[in-house]
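So the chains spell out like this:
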Amino acid sequence: MSLVIYLEGERLPEDKRLIRDVETWFVYPKTEDTAIDVILENVEGGRFYDDTYFTDRFGGNLYWEYLSTGAKAAVLAHLKPDYVVDFLEAGDNVLECMVVNRIDGNILIDSLSRIYGLPCYDAEIDITYRGVRYNRILSFKKSIEV
């Protein structure tokens, strides 16, 4: 799989449901997972502790409810491959984490300029957009007009 990107206003595949409210749909990770570790480290400065807590950047254990909305969106996109997660409330740091670290999922963004503006000039990626799979950020950026 790869990170599949959908643009706001485009028709989603029939087999995918859209998750707009990340806070309501968020599910706590039951076990540690490399992608979740990467999301927690890059977005929150933390790490997985158990299915009740994550460890924050200061070393404290917090309930998963206190995870930022952006980190929740990333975790949800990774854990729910049959859904498309709205990344409207996820910051560009979360989007960059998903792209640069090649985290699988299906996400909806409001503008391709969010990807075009990522500060990773020619990073290896695994993005699918409109059925085309890209493995270099530069080739993806060249294919889109913003």
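A. Molecular detail of the pattern of salt bridges. The final tally for this structure, using the stated rule, is nine salt bridges. Salt-bridge contacts for K72 lead to E23; the nearest nitrogen and oxygen are separated by 2.6 Å. Within this pair, whereas K72 is found in helix α3 (residues 69–79), its partner E23 is found in helix α1 (residues 22–25), the two being separated by 49 residues in sequence. The exposure class assigned to K72 is buried, which follows from its relative accessible area of 3%. On the accessibility criterion, E23 (39% relative accessible area) is partly exposed. Salt-bridge contacts for R136 lead to E124; the nearest nitrogen and oxygen are separated by 3.7 Å. With a gap of 12 residues between them, R136 in strand β9 (residues 132–136) and E124 in strand β8 (residues 124–129) connect regions that are remote in the sequence. R136 gets classed as partly exposed once you look at its relative accessible area, which sits at 30%. Through salt bridges with shared partners, one network takes in E8, R20 and D86.

B. Quick peek at the packing of helix α2 (residues 34–44) against α3. One can describe the packing of α2 onto α3 by two numbers: an axis separation of 10 Å at closest approach and a directional angle of 165°. As the angle between them shows, α2 and α3 are arranged roughly antiparallel. Both α2 and α3 take part in a crossing whose hand is right-handed. Where α2 approaches α3, its residues A35, I36, I39, V43 and E44 are matched on the opposing element by A71, A74, V75, H78 and L79. The residue makeup of the contact of α2 with α3, split by class, is eight nonpolar, one polar and one charged.

C. Highlighting the sheet that holds β8. Spatially, six strands are ordered β2-β6-β7-β1-β8-β9 in an open sheet, and the strand pairing comes out mixed. Whereas interior strands pair on both sides, the edge strands pair on one side only; in this sheet they are β2 (17–19) and β9. Put simply, the sheet's adjacent strands are angled 30° from each other on average, direction ignored.

D. Broad picture of unusual backbone geometry. Phi angles above zero are rare outside glycine, and R102 is one such case at about 55°. Assessed through its relative accessible area of 42%, R102 is described here as partly exposed. A positive phi angle is found at R130, which is not glycine, with a value near 50°. Relative to the elements of secondary structure, R130 occurs in the loop between β8 and β9.

E. Highlighting the side chain of S2. Along the chain, the position of S2 falls in the segment before β1 (3–7). Looking at S2, its side chain comes within polar contact range of the side chain of T128, at 2.6 Å.

F. Geometry of α2. Within α2, burial applies to A35, I36, I39, L40, V43 and E44. Take α2 and look down its axis: the buried residues cluster within an arc of 135°, on one side only. Across from the buried face of α2, at angles greater than 90 degrees, the exposed residues are T34 and E41. Contact partners of the buried residues in α2: β3 (47–48), β4 (53–55), α3 and α4 (92–100). Regarding α2, its N-cap is D33, as a side-chain oxygen of that residue lies 2.7 Å from the backbone nitrogen of A35 further along.

Cut-offs applied
- Every chain is numbered on its own, with residues counted from 1 as its sequence reads.
- Owing to the predicted nature of the model, reporting of local features is limited to residues with pLDDT of at least 70; listing and counting of side-chain atom pairs is limited to 80 or more, with chain, interface and lining totals taken over all residues.
- Calculation of side-chain values draws on the structure's entire complement of heavy atoms; hydrogens and water are dropped beforehand.
- Salt bridges are identified by distance alone: a Lys or Arg side-chain nitrogen within 4 Å of an Asp or Glu carboxyl oxygen.
- Under the DSSP-based scheme used, a helix requires at least four consecutive residues in state H or I and a strand at least two consecutive residues in state E, with every element numbered from the N terminus.
- Only protein chains enter the calculation, and the probe is 1.4 Å; a residue is then buried if its accessible area is under 20% of its type maximum, exposed if over 50%, and partly exposed in between.
- Axis geometry follows a simple rule: fit a line to the C-alpha atoms, using only the stretch in contact for helices, then measure angles between N-to-C directions, giving values from 0 to 180 degrees.
- Every angle not falling under 35 degrees, over 145, or within 65 to 115 is termed oblique; those three ranges are roughly parallel, roughly antiparallel and roughly perpendicular.
- Crossing handedness is defined as follows: a turn of the near helix away from the far one that is anticlockwise and smaller than a right angle gives a left-handed crossing, while the clockwise case is right-handed.
- It only takes one pair of heavy atoms within 4.5 Å for two residues to be counted as in contact.
- Three residue categories are used. Nonpolar comprises Ala, Val, Leu, Ile, Met, Phe, Trp, Tyr, Cys and Pro, charged comprises Asp, Glu, Lys and Arg, and polar comprises the others, including Gly.
- By the convention used here, strands pair only if DSSP detects at least 2 bridges between them.
- In protein, a polar contact means a hydrogen-donor-capable atom and an acceptor-capable atom, both N or O and within 3.5 Å, with residues adjacent in sequence counting only if both atoms are side-chain atoms; elsewhere, any N or O pair within 3.5 Å suffices.
- Each direction from the helix axis to a C-beta atom contributes to the arc, which is the arc of those directions.

In short, geometric facts, not functional conclusions.
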